[in-house]
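Coordinate analysis (summary)
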Amino acid sequence: VRVHVLYFARLKDVMGTDGETLDLDAGARARDVLRVLETRPEWSGVKDLPLLLAVNEEVVDGNRALNDGDRLALLPPVSGG
Amino acid sequence: VVITSKPITLDDVVDGLVDAGNGAVVTFAGVVRDSNHGRPVTRIYYEAYSEMAERELTRIVDEALISPGVARARVVHRIGDVQAGEASLVVAVSGPHRLAVFDACMRIVDEIKKCVPIWKKEFYADGSSGWI
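These figures come from a predicted structure and were not determined experimentally. (Residues numbered from 1 in each chain as written. Chains lettered and ligands numbered in written order. Predicted model: local features only at pLDDT ≥ 70, side-chain atom pairs only at ≥ 80, totals over all residues. Heavy atoms only, no water.)

Describing the interface of chain A and chain B
Where we set the bar: Contacts are assigned to residue pairs with any non-hydrogen atoms lying within 4.5 Å of each other. Each of two parts loses accessible area, computed with a 1.4 Å probe, when they are put together; buried area is these two losses added. We define a salt bridge as a side-chain nitrogen of Lys or Arg found within 4 Å of a carboxyl oxygen belonging to Asp or Glu. We call two N or O atoms a polar contact when they sit within 3.5 Å, provided that within protein one can donate a hydrogen and the other can accept it, with sequence-adjacent residues counted only if both atoms are side-chain atoms. Note on conventions: DSSP H or I runs of at least 4 residues are helices, E runs of at least 2 residues are strands, and numbering of each starts at the N terminus.
Counting residues at the interface gives 21 residues for chain A, matched by 21 residues for chain B. In total, chain A and chain B occlude about 1,700 Å² of area from one another, counting both sides; carbon and sulfur atoms represent 54% of this. At the boundary of chain A and chain B, one finds three salt bridges. For B:Arg55, the salt bridge goes to A:Glu58, with nearest N and O atoms at 2.6 Å. Across the chain A-chain B interface, the total number found is 16 residue pairs in polar contact (both at pLDDT 80 or more). Every element with two or more residues in the side of chain A that touches chain B is listed here: strand 1 (2-7), helix 1 (9-15), strand 4 (58-60) and strand 5 (71-75) of chain A. The element that contributes the greatest number of residues to the side of chain A that touches chain B is helix 1 of chain A, accounting for four residues.

A word on the packing of helix 2 (residues 50-65) of chain B against helix 3 (residues 98-115) of chain B
Residue and element names in this part refer to chain B. The test is simple: The convention used is that axes are lines fitted to C-alpha atoms, helices contributing only their stretch in contact, and that angles between N-to-C directions extend from 0 to 180 degrees. These descriptions rest on fixed angle ranges, namely under 35 degrees for roughly parallel, over 145 for roughly antiparallel, 65 to 115 for roughly perpendicular, and the rest for oblique. For a crossing to be left-handed, the near helix must be turned anticlockwise from the far one by less than a right angle; the clockwise case is right-handed.
Running from N to C, helix 2 and helix 3 point in directions that differ by 155°, and their axes come no closer than 10 Å. Looking at the two axes, helix 2 sits roughly antiparallel to helix 3. The hand of the helix 2/helix 3 crossing is right-handed. Of the residues in helix 3, those touching helix 2 at Glu56, Leu57, Arg59, Ile60 and Ala64 are Ile108, Glu111, Ile112 and Cys115.

Overview of unusual backbone geometry
Residue and element names in this part refer to chain A. At Asn56, a position not held by glycine, the phi torsion is positive, near 50°. In the Ramachandran plot, Glu57 falls in the positive-phi region, its phi being about 70° despite a non-glycine side chain. Tracing the chain through its elements places Glu57 in the loop between strand 3 (52-55) and strand 4.

Following this line, the structure appears as structure tokens:
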């Protein structure tokens, strides 16, 4: 499955981009995206950052199955207002 | 619900919310402070996941509107650079009587701070900056 991963705030700075497209094995779940990213050297800068996952603008847990074209957003703790 | 990169004035948000059937209008303005934990702050950069933030803000306002005693509600959140002393968030709520309206305004602000995907990066007078 091909998904669009979106980065925000500190995560965007650390990853050096606001998002990318990832190709994952069929049957991949939301948490599998984190598995892929955890292997990147730059990830060490955010490994302690608690992240919420959202698929197509809705908060999901790591078990959520991914479909082609899904937008998976990694959300650091929010600080609006 | 509006997310904007332009300055927000209280009047813009309250206009159209006031009518003779509703005797109470409560507004909240969140303003960028010029210091945080003793560090001088010059501005805050707000970043939003706009599509989701709009959806969440709409959900929060819709929830407020179904509570008794609440007639109308508006939320405007700024994104981009906001200078110290400028409003980053304005919430306005109206209803027949004050109690439910104060309460709804409070709940809307609390929910915004908890659930809406918006982040701020503070810029300090010494030239440094950081996400908070």
